[in-house]
Amino acid sequence: MDKRQFLKTSGVFITGTMLSRYLSGEESSTPRTNWAGNLTYSTDHLYSPSSTEDVQHVVKQCSKLRALGARHSFNSIADSTANQISLQNLTEMTIDAKSRTATVGAGVRYGQLAPYLDSHGFALHNLASLPHISVVGACSTATHGSGIRNGNLSTAVSGLEVVTADGKVVTLSQAKDGDFFPGAVVSLGALGIITKITLNLLPTFQMRQEVYENLSFDQLEHNLDTIFGSGYSVSLFTDWQNHRATQVWIKNRVEAGAPPQLPPLFYGATLATHKLHPIAGHDATPCTEQMGIPGPWYERMPHFRMNFTPSSGAELQTEYFVPREHGYEAILAVEKLRDRITPHLFVTELRTIAADDLWMSMAYKRDSMAIHFTWKPEWPEVKEILPLIEAQLAPFDTRPHWAKLFTIPPAQLEAKYERLPEFKSLLKHYDPSGKFRNEFLDMNLYSA
């Protein structure tokens, strides 16, 4: 991917453009960026409808259109040179207690949904590190959360309401569309404009979180599955120096009446005595509660609290998925580049995700380990490092996160998804003219 796609720097937009009554309240002459600020969107045509009917109107009048979620993508997957549509006003949430499902509007973020579910006695099986992301955007890109037995966020999806290219509303469900529903869930924004999503729920539960420091990578050679399986969700953080994980975050369900057990050592790592941020030197206030203190599932499963700037803020992100069975070898392969990586890195997170059957998921048909890089905002340097990392991980058939930065050639990327031909057929059925395609999709799915 070239620099123009990831780091558009144009700050001058056409003024005086006549937009419909659905235009957002933002000034059209002000450049719009993603949350990290590394990407400036290529159009000032942003529609913000307030209902499914309004979405239909926008879809009918636009020849090209891309959905814009919570702007937490680091590449141009949501970009458009023509029109974007924000679903931020579609925030309705309803629960069907009998079927144990929730149906939510496309503008809902996990930080809004989770406490609503909890107040009604329900929970989700998994959450991402950040509660700031939109539910639809996360599920459409197979964003994942963590847990050796937990499928990614998309695996909770049982229904979709989609406005297709002709402006019609189509309802898809796992129950009635089982043959192709796994292809529709992780749609990369190309199936249509998703206006509602239905999620399977669990009964609510309590969680706790504790952090350990300085785990030697040697422990992963024979204990990788045991270490990552030691909690409901486990993350290892590293700066790639000294052959160790600087921190281990372990999140566990709390059983009623069971006092927390906090062993002083965990495979040689020592229990932290105060709250920590994953990035050395950062204030830990934005992080979720640690020290084994019990709390609601949604206040422990993410790493960061909703009302604070997540992670570092001004940053770049890359993430690669490898089969978990090759996790240790993959770590050692990346570690060889430590002196190239560390100067430009905030932190790397290692986490696991259970296999799923979603056609375009990074964890399709394989239990996975994700190697996540949070980079300093130094794109020229990072751009030179990514091909080196990708070369080291190539023997493990790595798959990159769809919404983060990567440089894997399209031909190689397409070969990683065995159901891609069927996915393209599904898109052609609902969007025969490619209304919802953009440069990112054309290059990465259609150019090989």
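What counts as what
Residues numbered from 1 in each chain as written. Predicted model: local features only at pLDDT ≥ 70, side-chain atom pairs only at ≥ 80, totals over all residues. Heavy atoms only, no water. Helix = DSSP H or I, 4+ residues; strand = E, 2+ residues; numbered from the N terminus. Rg over C-alpha atoms; globule rule 2.2 N^0.38 Å. Buried < 20%, exposed > 50% of the residue type's maximum accessible area, 1.4 Å probe, protein only. Contact = heavy atoms within 4.5 Å. Areas by Shrake-Rupley, 256 points an atom, 1.4 Å probe, with all protein chains shown as cover. Lys, Arg positive; Asp, Glu negative; His and termini not counted. Charge placed at Lys NZ, Arg CZ, Asp CG, Glu CD. 1 Å grid on protein atoms, 1.4 Å probe; cavity = no way out; pocket = protein on both sides within 12 Å on 5 of 7 lines; lining within 4 Å. Points joined across faces, edges and corners; volume = space filled by probe spheres on them. Nonpolar A, V, L, I, M, F, W, Y, C, P; charged D, E, K, R; others polar. Patch = residues over 30% accessible without salt bridge, like charges linked within 9 Å, V, L, I, M, F, W, Y side chains within 5 Å. Salt bridge = Lys/Arg side-chain N within 4 Å of Asp/Glu carboxyl O. Pairing = 2+ DSSP bridges. Axes fitted to C-alpha atoms, helices over the stretch in contact; angles between N-to-C directions.

## Concerning the overall build of the protein
For the protein, the helix and strand inventory stands at twelve helices and 20 strands. For 448 residues, the compact-globule estimate of 2.2 N^0.38 gives 22 Å, and the C-alpha radius of gyration of the protein, at 21 Å, lies within 12% of that figure. Expressed along its principal axes, the backbone C-alpha trace of the protein runs to roughly 60 × 50 × 40 Å. The proportion of buried residues among the 448 residues of the protein is 59%. Pairs at least 24 apart in sequence give 73% of the contacts found in the protein among residues at least 6 apart. When the accessible area of the protein is evaluated, it comes to approximately 17,100 Å², of which 51% is carbon and sulfur surface. The distance from the centre of the 40 positive side-chain charges to the centre of the 45 negative ones in the protein is 3 Å.

## Looking at the layout of surface pockets
For the second largest pocket, the calculated volume is near 270 Å³. Along the walls of the second largest pocket sit 16 residues, with Thr288, Tyr298, Glu299, Arg305 and Met306 positioned nearest its centre. Residues belonging to the lining of the second largest pocket are distributed by class as follows: nine nonpolar, two polar and five charged.

## Here's the deal with a negative patch on the surface
A contiguous patch of negative charge on the surface is contributed by Asp218, Glu221, Glu325 and Glu329. For Glu329, the location among the structural elements is in helix H7 (residues 327-335). Owing to a relative accessible area of 39%, Glu329 belongs among the partly exposed residues under this scheme.

## Some points on the sheet that holds strand E9 (residues 193-200)
Within the open sheet, the five strands sit side by side as E4-E5-E9-E7-E8. Their pairing is antiparallel. The open sheet has two free edges, formed respectively by strand E4 (93-96) and strand E8 (169-173), since each of these has just one partner strand. Strand-to-strand twist in this sheet, taken as the mean axis angle between neighbours without regard to direction, amounts to 15 degrees. Judged from the five bridges that link them, strand E7 (residues 157-163) and E8 form a sheet pairing that is antiparallel. Across the sheet, the residue bridging to Val162 is Val170, located in E8.

## Things to note about the pairing of E9
Here E9 lies mainly inside the structure; six of its eight residues are buried. Where strand E5 (residues 101-105) meets E9, five bridges bridge the pair, whose relative direction is antiparallel. Within E9, the position partnered with Thr103 by the bridge is Thr198.

## Looking at the sheet that holds strand E3 (residues 84-86)
Taken in spatial order, the three strands make up an open sheet running E1-E3-E2, and their pairing is parallel. Edge positions in the sheet fall to strand E1 (46-47) and strand E2 (66-68), since each has one partner strand and no second. Two elements, E1 and E3, share two bridges in a ladder whose sense is parallel. Within E3, the residue paired with Leu46 across the bridge is Gln84.

## Details of the pattern of salt bridges
Overall, the coordinates contain 14 salt bridges when judged by the stated rule. Here Arg324 and Asp225 are joined by a salt bridge, their closest N and O atoms 3.0 Å apart. Here Asp225 lies in helix H6 (residues 220-228) and Arg324 lies in the loop between strand E17 (316-323) and H7, a separation of 99 residues in the sequence. Take Arg324: its relative accessible area is 16%, and that puts it in the buried class. Residue classification places Asp225 among the partly exposed positions, given a relative accessible area of 40%. Arg351 is the salt-bridge partner of Glu319, the closest N and O atoms lying 3.2 Å from each other. One end of the pair, Glu319, is in strand E17; the other, Arg351, is in strand E18 (residues 345-353), with 32 residues separating them in the sequence. Each of Glu319, Glu349, Arg351 and Lys404 takes part in a single network of salt bridges with overlapping partners.

## As for unusual backbone geometry
For Arg100, which is not glycine, the phi dihedral falls at a positive 55 degrees. By the element assignment, Arg100 lies in the loop between E4 and E5. Residue Arg100 is classed as partly exposed on the basis of its relative accessible area, which comes to 38%. One non-glycine residue, Asp397, lies in the positive phi region at around 55 degrees. One can find Asp397 in the loop between helix H9 (379-393) and strand E20 (399-400).

## Focus: the pairing of strand E13 (residues 244-254)
Counting buried positions along E13 gives nine out of eleven residues, so the element sits mostly inside the fold. Sheet topology note: the strand E11 (residues 206-216)/E13 ladder contains ten bridges and is antiparallel. Following the sheet pairing, Met207 is matched in E13 by Arg253. By the bridge criterion, five bridges tie strand E12 (residues 233-238) to E13 in an arrangement that is antiparallel. Residue pairing across strands places Val234 opposite Ile250, the latter belonging to E13. Adjacent in sequence and paired antiparallel, E12 and E13 are bridged by five residues, among which Trp240 carries a positive phi angle near 75 degrees.

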